[in-house]
Amino acid sequence: MFLGTYEPKLDDKGRLILPAKYRDQLADGLVMTRGQERCLYVFPTHEFEAIHEQLRSAPLTSKQARQYLRVFLSGAADEQPDRQGRITIPATLRTYAGLERELAVIGMGTRVEIWDRASWETYLAEQESEYSETEEEVIPGVF
């Protein structure tokens with residue numbers, strides 16, 4: 001399970017050193033793609049394959065499903081971390097997420113999200129008040 005927030009830097013070649021706690025889970029390969037809110041999603045390969053199987057069941061006649069699949073899959077890139085735990089983020093994905101040098105890498109359970117650090121801090125500040133004021137059951141059976 002991916003948990004926590006880390007603040008690594010992107011090097012001049014567009015590489016990121018994965019947090020040490022994530023490396024074993026991503027050692028067999030990963031897939032990164034466009035996420036929502038202008039971040040990147042990073043999945044272990046086996047998790048991405050499971051998601052792809054679910055997406056395949058979407059009807060071709062659904063315009064919304066086709067649009068989602070195009071954005072989600074056209075940006076996907078598979079990577080194998082090197083011995084130092086580095087991955088290269090393709091230029092198109094760096095541009096999509098507005099990634100500069102300072103990053104925020106957050107654990108989201110079954111996936112990792114990569115954010116531009118300033119964008120993450122802004123997003124978190126905007127969401128914290130809503131998070132603390134949540135009154136109704138957001139996730140059934142949990143809260």
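Residues numbered from 1 in each chain as written. Predicted model: local features only at pLDDT ≥ 70, side-chain atom pairs only at ≥ 80, totals over all residues. Heavy atoms only, no water.

**Points about the packing of aromatic side chains**
Thought 1: A full pass over the atoms with the stated rule returns ten aromatic pairs.
Thought 2: Each ring, one from tyrosine 41 and one from phenylalanine 43, has its centre 6.0 Å from the other, and the planes form 85°; the classification is edge-to-face.
Thought 3: Seen from their ring centres, tryptophan 115 and tyrosine 123 are 5.1 Å apart, and the 35° between their planes marks the pair as tilted.
Thought 4: Aromatic rings pair up to connect Tyr41, Phe43, Phe48, Tyr68 and Phe72 into one cluster.
Thought 5: Positioned above the aromatic ring of tyrosine 96 is the side chain of arginine 34, whose terminal nitrogen or guanidinium carbon lies 5.9 Å from the ring centre.
Thought 6: The ring of tyrosine 41 carries the charged tip of arginine 111 above its face, separated from the ring centre by 4.3 Å. (Phe/Tyr/Trp six-rings, centres within 6.5 Å; stacked < 30°, edge-to-face > 60°. Lys NZ or Arg CZ within 6 Å of the ring centre and 35° of its normal.)

**Some words on the side chain of aspartate 116**
Thought 1: Looking at the element boundaries, aspartate 116 is found in strand E8 (residues 112-116).
Thought 2: Buried charge aspartate 116 goes without a salt bridge, the closest partner of opposite sign being arginine 117 at 7.9 Å.
Thought 3: If near-sequence neighbours (up to four positions away) are discounted, aspartate 116 is found in contact with Ala97, Gly98, Leu99, Glu100, Glu102 and Ala104. (Helix = DSSP H or I, 4+ residues; strand = E, 2+ residues; numbered from the N terminus. Buried < 20%, exposed > 50% of the residue type's maximum accessible area, 1.4 Å probe, protein only. Lys, Arg positive; Asp, Glu negative; His and termini not counted. Salt bridge = Lys/Arg side-chain N within 4 Å of Asp/Glu carboxyl O. Contact = heavy atoms within 4.5 Å.)

**Details of the sheet that holds strand E7 (residues 103-107)**
Thought 1: The strand order E1-E7-E8-E4-E3-E5 describes an open sheet built from six strands, whose pairing is antiparallel. Unpaired on one side and paired on the other, strand E1 (5-6) and strand E5 (77-79) mark the two borders of the sheet.
Thought 2: Across three bridges, strand E3 (residues 30-34) lies against E5 in antiparallel orientation. Pairing of leucine 30 across the sheet is with glutamate 79, part of E5.
Thought 3: Running at roughly 125° to E3, helix H3 (residues 63-74) makes contact with E3 and strand E4 (40-44) of the sheet.
Thought 4: On top of the sheet, helix H5 (residues 117-132) reaches E1, E7 and E8; it is set at about 105° to E8, its chief contact. (Pairing = 2+ DSSP bridges. Axes fitted to C-alpha atoms, helices over the stretch in contact; angles between N-to-C directions.)

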